[in-house]
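Here are the chains, one letter per residue:
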Amino acid sequence: MKNLKQALLAAALIAGAPLYAQKDAPEIKFDSVPNALQLPANIYLGEVAGVATNSRGNIFVYTRTGHPTVTLGTARPFAHGGSRLFEFDPAGKYVREIGKDSYGFMYASQVRIDPADNIWVVDQMTNMVMKFNPQGRLLMLLGRKAENIPLPARATTGDGAGRPTDLFERPTDVAWDAAGDIFVADGLSNARVAKFDKDGKFIKSWGKKGTGNGEFANVRSIAVDAQGNVYVADGGNKRIQVFDNDGNFKTAYTGVGNAQALCMTKGTSPFLYVSNSNPPNDIDRDGEIYKMQLDGTMVGKFGRAGKLPKEFGTVNAIDCRNANTLYVGEVGNLRVQKLVLH
Amino acid sequence: MKRILTWSLGLALLAAAPAFAQKKATVENVPEMTYTAVPNFLKLPPGEYLGESVAVATNSKGHVFVFHRSANTRLFEFDQAGNFLKEIGSGYYGFEFAHAVRVDKDDNIWTVDEGTNMVTKFSPDGKVLMVLGRRPPAVAGAVPFPSGPNAPAQKYILCRPTDVGWDPQGNIFISDGYCNNRVVKYDKNGRFVTQVGSEKVGKAMGEFNLPHGLQVDGEGHVWVADRGNNRYQVFDNDLKPIREITNLGTAWTACISSGPHQYAFLSNSNPNGNMPGTWDTTGEIYKTELDGTVLGKFGHPGKLPPGFQVVHTLDCRNPNELVLGEIESWRVQKFVFKPTTPAKSASAKSAGAGAN
């Protein structure tokens, strides 16, 4: 009992200690729209890793629905299933499932929509980035799923720089510059950014595990501005790093906590939303989302960790196509919230 | 060679011994309660089956929810006459290995799943309203079964949780579980308030050896079936120990009835894995007053109805109409008791209104 008290006390002290997150950013008022997504009776969301809208306002949700299965063949264990991609109309009415039983869907990481409304899906367990056309047919694949999985799992090793090939290790996100070049956040086992041209030809990668400029604790999310600068959420180092289009370090923004989900708004004066996501095992700390200018100037913040509407459970995705109507995907609360900022 | 032999012998003994030895109840002179079993209570549509029916609960309309281990863990809803209505949560992330289902005073349906470490609150029409705990991420792959001491218990991560209950204010109590040994209190919004016990096994008051079942009475007192310690522990609303009940055999599950006069039903279920003679000394369910006074007992192990095989939870919303879920025999049975006093019949009438 004494140990427990000490542990709780220690936890309280840690929670109360000043983090890097900004405590003095102004509060942005906001509301959560009830029943933003209406699910059919036989469909349930699991952990919502990705949410994104297309130009018509349709909403795509990439979710860890669970129940991956392992089957045996030629004495090797093969793994399948575990995540699903759903599409909803702008009113939140269910439209369809895309990629049902896809070879590449196991552990959802992110979904993003490019300017041509193609749907890009990033999976952390099959280590693949999949580009679907707006109709839901595959156009291009990056990375390759391992043929079989080791049982028991092997610990990952290495400095996070990758093999260095165009194969990923737990990729988390994807973004594009104006020319269509592709930037993959890679990821939670690697710690690098991989750059491809628009046709999927591997150009280069940069970064490895570390705390210096151009090094990452992990690479959780990525965004590219109109000039081609690359913004990388380096969550474990509690910062956003900014690079030029070739991966040269420019600057870093702290004060945003455990940067996990990034979204850059469109238009002539874009903003950056970044989530100081709470760890999945604690809702008594963190959780707020920051709004900042691309030069790092803080605009404000909103929300906190929790289970109620207007509270967040480990946000992993933010959609900000409309700068004041956001969709956030939550790992902890198995849901998507639609937020209206005032 | 000798060492190998000893090691294999140890393994053989370990495999043969039940995880927790069953204990004969020491209470004496308990009157037998008479009951009638409702034949073929639950009617399943063609092609549908129950697996291990570890969890059963009723709502205020008398609908019966069965959370069972089929090829997939599934949650079925039946009407009060036992007709199948629908499935809830098909393919849901928080269903892998059922352990408990309970219905709160607002008819929300709560599932406790020890294969995902998740407790889920569903609305009466089956939408997810809140989740507690987190399923271990699949991306970590299959890891060897942990050996050695349990990892330290965390506020918001459960470890094979077993049951859930609520006090009249809506605070949430979870028994947790097979790899922690504690009871956690959360407020109605899911925020951690306090806990009793820890990850460690213990025998003192406020310690547990597999807290396997939990319910909360109208006073907000928390009843915990401390299975490995062969006792029930009762706690106040802040989880300070009040007393223990040690004479009713092995504590598998607890149920507190509704209405102004509440009763406790406590099951000395027969174990998984019976020795010759086990059926003669275990399997009975006790009815007690909330002060612990034993009023009666009923039931016997048996493969055929109305015998039961390892009662895992029972529903006692109406103390004269019990619904029992069994692990072995994959079955749910309903037993009807003749009310013996006017007081009981009064509480039966108002059964729908109270907390369960």
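All values reported here derive from a predicted model rather than from experimental measurement.

## Re the overall build of chain A
Phase 1 of the analysis: For chain A, the count of helices and strands is one helix and 28 strands.
Phase 2 of the analysis: Its C-alpha radius of gyration of 19 Å places chain A within 12% of the 20 Å reference for a compact globule of 342 residues.
Phase 3 of the analysis: With respect to the principal axes defined by its C-alpha atoms, chain A has extents near 55 × 50 × 50 Å.
Phase 4 of the analysis: The buried share of chain A, taken over its 342 residues, is 46%.
Phase 5 of the analysis: In chain A, the share of contacts with a sequence separation of at least 24, taken over all contacts with a separation of at least 6, comes to 48%.

## Structural notes on the sheet that holds strand 3 (residues 64–69) of chain B
Residue and element names in this part refer to chain B.
Phase 1 of the analysis: Reading across from one edge, 2-3-4-5 is the order of the four strands in this open sheet, with antiparallel pairing throughout. Single-partner strands in this sheet number two, and they are strand 2 (52–58) and strand 5 (84–88). Geometrically, the sheet is characterised by an average inter-axis angle of 25° between neighbouring strands, direction not taken into account.
Phase 2 of the analysis: As paired strands, strand 2 and strand 3 are joined by five bridges and run antiparallel to one another. Of the residues in strand 3, the one forming a bridge with glutamate 52 is arginine 69.

## Some points on the interface of chain A and chain B
Phase 1 of the analysis: Taken residue by residue, the interface counts 31 residues in chain A and 27 residues in chain B.
Phase 2 of the analysis: A per-class count over the side of chain A that touches chain B returns 15 nonpolar, eleven polar and five charged.

## Comments concerning the sheet that holds strand 20 (residues 285–289) of chain B
Residues and elements named next belong to chain B.
Phase 1 of the analysis: On the basis of which strands lie adjacent, the open sheet formed by four strands has the order 18-19-20-21 and antiparallel pairing. One side of each edge strand has no neighbouring strand; the edge strands of this open sheet are strand 18 (253–256) and strand 21 (294–298). Between one strand axis and the next, the sheet turns by 20° as a mean value, whatever way the strands run.
Phase 2 of the analysis: As defined by bridge partners, strand 20 adjoins strand 21 across four bridges and the pair is classed as antiparallel. Bridging across to strand 21, tyrosine 286 finds its partner in lysine 297.

## Re the pairing of strand 23 (residues 321–326) of chain B
Residue and element names in this part refer to chain B.
Phase 1 of the analysis: Of all six residues making up strand 23, five are buried, and the element is well covered by its neighbours.
Phase 2 of the analysis: Alignment of strand 22 (residues 311–318) against strand 23, held across five bridges, turns out to be antiparallel. Directly across from asparagine 318, in strand 23, lies its bridge partner glutamate 321.
Phase 3 of the analysis: If you look at the hairpin formed by strand 22 and strand 23, you'll find two residues sitting between the two strands.
Phase 4 of the analysis: For strand 23 and strand 24 (residues 331–337), the ladder comprises six bridges, and the chain directions are antiparallel. For valine 323, the partnering residue across the bridge sits in strand 24 and is lysine 334.
Phase 5 of the analysis: Taking the residues that link successive antiparallel strands as the turn, the strand 23-strand 24 hairpin has four residues, and the phi of serine 329 there is positive, at about 80°.

## Side note on the confidence of the model for chain B
Residues and elements named next belong to chain B.
Phase 1 of the analysis: Averaged over chain B, the pLDDT score is 90; the fraction of residues at 70 or greater is 89%.
Phase 2 of the analysis: With pLDDT under 50 throughout, residues 1–18 is counted as low confidence; its partners more than four residues away or in other chains account for two contacts.
Phase 3 of the analysis: Across residues 342–356, confidence stays below pLDDT 50; counting only partners more than four residues off in sequence or on other chains, it has 30 contacts.
Phase 4 of the analysis: The ipTM assigned to the predicted complex is 0.86, against a pTM of 0.88.

## Overview of unusual backbone geometry
Phase 1 of the analysis: Note the cis peptide between A:Asp186 and A:Gly187, where omega equals 5°.
Phase 2 of the analysis: Tracing the backbone shows A:Gly187 in the loop between strand 13 (182–186) and strand 14 (192–196).
Phase 3 of the analysis: Of the consecutive residues B:Pro305 and B:Pro306, the connecting peptide bond is found in the cis state with omega at 5°.
Phase 4 of the analysis: Tracing the backbone through its elements, the reader meets B:Pro306 in the loop between strand 21 and strand 22.

## Comments concerning the environment of B:Val101
All names here are of chain B.
Phase 1 of the analysis: Its location among the elements puts valine 101 in strand 6 (residues 98–103).
Phase 2 of the analysis: Sequence spacing of valine 101 and leucine 295 is 194 residues, and the spatial spacing of their C-alpha atoms is 27 Å.
Phase 3 of the analysis: Not counting residues up to four positions away in its chain, the partners in contact with valine 101 are Ala55, Val56, Ala57, Phe65, Phe67, Leu75, Ile109, Trp110 and Thr111.

## Description of the confidence of the model for chain A
Phase 1 of the analysis: On average, chain A scores 92 in pLDDT, and the residues at 70 or more come to 94%.
Phase 2 of the analysis: Low pLDDT, under 50, characterises residues 1–19 of chain A; the predicted model gives this stretch five contacts beyond four residues in sequence or across chains.

## Some remarks on the environment of A:Asp101
Phase 1 of the analysis: Following the sequence through the fold, A:Asp101 ends up in the loop between strand 7 (94–98) and strand 8 (108–113).
Phase 2 of the analysis: Remark: the alpha-carbon pair of A:Asp101 and A:Gly82, spanning 19 residues in sequence, is separated by 9.0 Å.

Conventions we followed
Residues numbered from 1 in each chain as written. Chains lettered and ligands numbered in written order. Predicted model: local features only at pLDDT ≥ 70, side-chain atom pairs only at ≥ 80, totals over all residues. Helix = DSSP H or I, 4+ residues; strand = E, 2+ residues; numbered from the N terminus. Rg over C-alpha atoms; globule rule 2.2 N^0.38 Å. Buried ≥ 20, exposed ≤ 12 C-beta atoms within 10 Å, placed from the backbone. Contact = placed C-beta atoms within 7 Å. Pairing = 2+ DSSP bridges. Axes fitted to C-alpha atoms, helices over the stretch in contact; angles between N-to-C directions. Nonpolar A, V, L, I, M, F, W, Y, C, P; charged D, E, K, R; others polar. pLDDT = per-residue confidence, 0-100.

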